[in-house]
Amino acid sequence: MMLRLLGSVFLIILLGEHEASAVIPGHREDVINTLRWLMGKHYYPTTASRLSDDLSASVCVSHSALTLASTQQWSYDMWDASGKIPDGAAAGATEARGHPETCEGVGANFPGTLESHLFPHRHFLSARNISLQDLHPGALQKRDTSMKGKYCLVSVRGGNAKGLGAGGSSQLLASLAGKYANTYATCIPSTCTSKILQESLQTVQEDGSWISVICDGEVKEDEVTTSEWSFLTVTVVLLGLAVAAGVIETQYPCTRTQNGCDCSAGRKLLHCFSFSQNSQKLFSFSTTPASFQTLDGLRVVCMIWVIATHRYMFFLISSANPNDILKHMTNWRYSWVFNAYPSVDTFLFVSAFLVSVILKQRLKQFTFAGFYLQRYLRLIPAMVYMIWGCSTVLRYLGSGVVWSRTHYDMFSRPCTQTAHHNILFVNNLNDSNDMCMGHLWSLAVEWQLYLVTPLILLPLYWYPTHRFRWAPLLAFFAISVLTPAAVTVIGDLPPTASFWDYEASQRYYNTNYITSWCRAAPYCIGLAAGYLYHWMDENHITLSTMSVRVGKVLSTLIGVAVMVGPSFLMGHGKYWAALYSSLSRPAWGLMMSFIVINACKGKPGFWVWLSSRSWVTPLCRVSYCMFLVSLPLQTMAAARTQKQHYDHLSGLYLVIGDLVLSYFAAVALHLLVESPLSRAVGLMLSGKLSRKSKTPSDPTRKNATLAEQRAPLASRQQLVLEALSAESGCTMRNRNI
């Protein structure tokens with residue numbers, strides 16, 4: 001029995017040794033070594049300037065030579081941890097991120113001198129231009145050395161490469177890819193540095209390419225900066241104000257009267273930061289008429305559309321199979337994903353329509369200072385807070401070389417240099433490489449259009465019978481239609497940037513996509529639609545059934561043409577591209593105007609019913625904050641080391657995850673910054689801060705109650721005015737995404 005047991009153990013040991021020495025057929029050690037040496041000079045430091053005089057460089061090259069010559073498992077692990085360019089390079093798969101976890105787990109010890117380990121491989125090394133005589137004598141005699149794996153990213157671009165980024169979504173992809181044509185990972189000995197590796201790789205390049213290297217562990221995690229401490233302090237103060245407001249509101253409530261809250265100015269300001277009050281306002285149902293809740297629905301749908309499109313754009317650089325994405329990008333069936341640019345036109349239209357409606361309602365109280373100041377102060381707090389946070393503490397929420405590089409290129413460096421341009425809303429005029437949080441260009445476009453709005457609307461409302469009252473609007477509209485056509489013809493631009501030709505997309509973004517003079521057409525139509533709404537309301541005009549049917553057919557045709565048009569116009573010349581570029585945005589604006597006017601003065605259908613659901617308004621109230629937070633969150637997910645496989649199911653999961661995370665982050669930003677500061681600013685501008693409320697006597701209260709009971713129902717126009725007040729739902733926020 002004992003002999004049988006010992007025989008079984010011996011057999012298991014033999015099988016284990018046989019299994020450990022087994023190799024896959026066709027993958028012999030000499031084949032692997034030949035492949036490593038063929039490409040090794042592009043992955044490991046094999047030379048350095050003044051090598052014989054530099055002890056540290058000689059140790060590095062010695063360890064690299066042993067890594068390439070060795071047949072031990074640790075050397076194979078280092079090679080496996082390095083990135084190899086996969087299939088699909090023509091479609092954009094030019095980044096191989098390797099396996100940093102495998103690299104960090106590699107370790108090797110070399111007892112005795114380094115020369116004793118290198119000498120057996122001297123002929124092999126000499127055939128590959130590594131001579132022991134070129135190494136520092138002290139390095140060869142160095143005893144009992146050890147090394148671990150160090151993960152590095154090597155980025156290569158041609159000597160004739162132009163520019164770095166293209167702004168907007170192109171800036172995102174360029175930041176993730178290191179703004180180079182080819183990026184790959186390598187696992188080098190820990191005794192090497194990025195400088196030695198870069199110098200060695202630059203030496204072996206024969207085509208004049210430029211090399212950039214960044215290694216894990218060499219990116220110093222600086223101590224918390226003053227700006228980061230300041231951001232954290234402001235965040236703690238805001239949280240403290242919210243807690244204090246909740247405690248005081250619960251323990252020492254103010255006396256509420258018919259005229260408001262009877263308390264001091266400080267208490268009124270403190271109540272603006274109350275979580276309970278702001279949460280109640282956020283999740284309360286809208287009092288806006290169902291017809292105007294169509295605007296809420298448009299905002300929510302377009303916000304989901306934007307987030308989904310950004311996710312698919314990230315797939316271009318972060319997926320392992322970009323060829324599949326390229327096929328979908330050129331297929332008209334997927335135009336709703338890859339040609340999502342009309343979503344920005346929708347936001348511009350909605351913003352302009354609301355401005356036109358509200359300006360007419362408050363025409364008697366209009367002042368230029370109030371018109372601009374109120375808008376500016378509504379947009380700035382949340383945006384500044386996000387820029388501040390993304391350029392500072394956001395770096396601590398991710399890890400790895402890819403994230404460090406991406407954060408520096410997209411948030412840290414550009415925001416440090418040009419954040420003041422965002423505050424002035426001129427960031428879309430920057431060089432695209434220096435744009436802080438590139439997706440915020442749309443806020444700059446909307447603000448620039450907002451600046452000229454009074455010059456267009458006031459002649460219509462102040463001089464309703466003047467024959468030239470339409471001249472400013474028509475002139476502005478003509479410029480917004482003709483300018484994109486001229487820019488497209490002169491620059492030989494594509495109809496859109498949907499088909500990812502980098503050079504063409506770069507020109508398209510800089511000269512057409514992010515410029516306010518090329519995006520003004522839907523904004524002009526929104527202003528005209530607001531004027532049309534008032535005219536129809538004052539004259540009691542509604543759309544007939546036939547008009548609604550014709551409008552629905554034409555709107556459907558316009559929507560389909562705008563969405564799938566680029567798929568059929570690509571490659572047909574710059575004049576067809578100019579036709580699409582000049583007419584697609586005004587056509588989309590006309591479609592949006594019919595949807596809104598039909599909801600208000602026509603035959604509302606399923607869309608109005610869907611938009612009036614209770615869940616739409618809370619989503620719409622945080623749409624601005626979702627716009628601010630969604631892209632940084634998506635960037636963090638895309639900057640992970642491991643790439644993802646692209647398919648419809650994984651895309652659906654990631655889009656749903658983006659929406660959920662963005663919503664919760666937006667709610668936090670809304671309750672912490674946007675809502676409290678907006679209420680505080682509104683309180684100070686309204687003059688109610690220093691106004692003392694008087695408790696009315698019983699007769700006064702009785703008369704007020706009787707007056708309320710006898711008051712007739714307000715007209716639809718008055719209801720809209722109340723719904724668009726500063727205390728109401730989403731539509732008054734009048735903020736474009």
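Above this text is the structure in question.
Residues numbered from 1 in each chain as written. Predicted model: local features only at pLDDT ≥ 70, side-chain atom pairs only at ≥ 80, totals over all residues. Heavy atoms only, no water.

Observations concerning the overall build of the chain
And then number 1: Regarding its fold elements, the chain presents 32 helices and seven strands.
And then number 2: Here the chain has roughly 34,200 Å² of accessible surface; of this, 63% comes from carbon and sulfur atoms. (Helix = DSSP H or I, 4+ residues; strand = E, 2+ residues; numbered from the N terminus. Areas by Shrake-Rupley, 256 points an atom, 1.4 Å probe, with all protein chains shown as cover.)

Quick look at the pairing of strand β4 (residues 182–189)
And then number 1: The element β4 is extensively covered by neighbouring structure, given that seven of its eight residues are classed as buried.
And then number 2: The pairing of strand β1 (residues 95–96) with β4 spans two bridges and is parallel. From the neighbouring strand, A96 faces β4, where its bridge partner is Y184.
And then number 3: The pairing of strand β3 (residues 143–157) with β4 spans eight bridges and is antiparallel. Within β4, the residue paired with S155 across the bridge is T183. (Buried < 20%, exposed > 50% of the residue type's maximum accessible area, 1.4 Å probe, protein only. Pairing = 2+ DSSP bridges.)

Describing the nonpolar core
And then number 1: Counting residues in hydrophobic clusters, the biggest one holds 153 residues, and the most contacted among them are F353, M383, L628 and L669.
And then number 2: Looking at which element gives the most residues to this core, the answer is helix α17 (residues 342–361), with twelve residues.
And then number 3: When near neighbours in sequence (up to four residues on either side) are disregarded, F353 contacts F292, L295, G526, L527, A529, G530, Y533, V596 and I597.
And then number 4: Formed by ten residues, the second largest nonpolar core is a distinct cluster that contains F315, V337, Y646 and V655. (Core = buried A, V, L, I, M, F, W, Y, C linked by side-chain atoms within 4.5 Å. Contact = heavy atoms within 4.5 Å.)

Points about empty space enclosed by the protein
Gaps between atoms show up when a probe of the same size as a water molecule is rolled over them.
And then number 1: Scanning all chains against the criterion turns up four cavities of 30 Å³ or more.
And then number 2: Counted as a void, the second largest cavity has a volume near 100 Å³.
And then number 3: Lining of the second largest cavity is provided by 14 residues; of these, Y341, D345, Y580, S584 and R585 occupy positions nearest its centre.
And then number 4: No other element matches the five residues that helix α26 (residues 574–601) contributes to the lining of the second largest cavity. (1 Å grid on protein atoms, 1.4 Å probe; cavity = no way out; pocket = protein on both sides within 12 Å on 5 of 7 lines; lining within 4 Å. Points joined across faces, edges and corners; volume = space filled by probe spheres on them.)

Details of helix α19 (residues 401–423)
Because each turn of an α-helix spans 3.6 residues, side chains separated by three or four positions end up pointing in the same direction.
And then number 1: Where α19 bends most, at C415, the angle is about 70 degrees.
And then number 2: Phi turns positive, to about 60 degrees, at F425, one or two residues after α19. (Bend = angle between axes of the 7 residues up to and from the residue.)

Topic: the pattern of salt bridges
And then number 1: Per the counting criterion, the structure on display carries six salt bridges.
And then number 2: The closest approach of N and O atoms between R311 and D658, which form a salt bridge, is 2.8 Å. You can see R311 sitting in helix α14 (residues 293–318) and its partner D658 sitting in helix α30 (residues 648–686), a full 347 residues away along the chain. A single burial state applies to R311 and to D658, both of which are buried. (Salt bridge = Lys/Arg side-chain N within 4 Å of Asp/Glu carboxyl O.)

Structural notes on the environment of M563
And then number 1: One can find M563 in helix α25 (residues 545–569).
And then number 2: We classify M563 as buried; its relative accessible area is 12%.
And then number 3: Distance in space between the C-alpha atoms of M563 and S335 is 5.8 Å, their sequence separation being 228 residues.
And then number 4: Sequence-distant contacts of M563, that is, excluding residues within four places in its chain, are made with W305, S335, W336, N339, P342 and W588.

Topic: the packing of aromatic side chains
And then number 1: Counted according to the given criterion, the structure contains 30 aromatic pairs.
And then number 2: A centroid spacing of 4.8 Å and a plane angle of 40 degrees characterise the contact between F231 and Y385, whose relative ring orientation is tilted. Placement of the pair is F231 in helix α11 (residues 226–251) and Y385 in helix α18 (residues 368–391), with a sequence separation of 154 residues. The residues F231 and Y385 share a single accessibility class, namely buried. (Phe/Tyr/Trp six-rings, centres within 6.5 Å; stacked < 30°, edge-to-face > 60°.)

Considerations on the environment of V489
And then number 1: By secondary structure assignment, the location of V489 is in helix α22 (residues 471–491).
And then number 2: Under the relative-accessibility criterion, V489 is labelled partly exposed at 24%.
And then number 3: It is 8.0 Å that separates the C-alpha atoms of V489 and A577, two residues lying 88 residues apart in sequence.

Topic: the state of the cysteines
Linking two cysteines covalently via their sulfur atoms produces the bond known as a disulfide.
And then number 1: Applying the stated criterion across every chain, the model contains four disulfides.
And then number 2: Here C60 pairs with C192 through a disulfide, and the sulfurs are 1.9 Å apart. Taking the sign of the torsion about the S-S bond as the criterion, the disulfide between C60 and C192, at about 100 degrees, is right-handed. Separated by 132 residues along the polypeptide, C60 in helix α3 (residues 55–69) and C192 in the loop between β4 and α10 (194–204) bring together distant segments of the chain.
And then number 3: Accessibility expressed as a relative area gives 0% for C60, which makes it buried.
And then number 4: Taking relative accessible area as the criterion, C192 reaches 0% and is therefore assigned buried.
And then number 5: Across the disulfide, C415 is cross-linked to C436 (sulfur-sulfur distance 2.1 Å). (Disulfide = S-S within 2.5 Å.)

Concerning the environment of C215
And then number 1: Position of C215 among the secondary structure elements: in strand β5 (residues 210–215).
And then number 2: For the pair formed by C215 and T186, sequence separation is 29 residues and the distance between their alpha carbons is 9.2 Å.

A few points about unusual backbone geometry
And then number 1: Even without glycine at this site, F425 takes up a positive phi of about 60 degrees.
And then number 2: For H540, which is not a glycine, the phi torsion comes out positive at approximately 55 degrees.
And then number 3: The topology assignment puts H540 in the loop between α24 (520–538) and α25.
And then number 4: Residue class for H540 comes out exposed when judged on its relative accessible area of 71%.

A few points about α3
And then number 1: An ideal rise of 1.5 Å per residue puts 21 Å on 15 residues; α3 measures up with 21 Å between its terminal C-alpha atoms.
And then number 2: Of all the 15 residues making up α3, 13 are buried; the element is thus mostly covered by neighbouring parts of the structure. (Expected span 1.5 Å × (residues − 1).)

Section: the pairing of β5
And then number 1: Burial of the side chains of β5 is restricted to one face: I211, V213 and C215 are buried, whereas none of W210, S212 and I214 on the reverse face is.
And then number 2: Where β3 lies against β5, six bridges are found, and the strand directions are antiparallel. Considered in β5, the bridge of R157 is made with W210.

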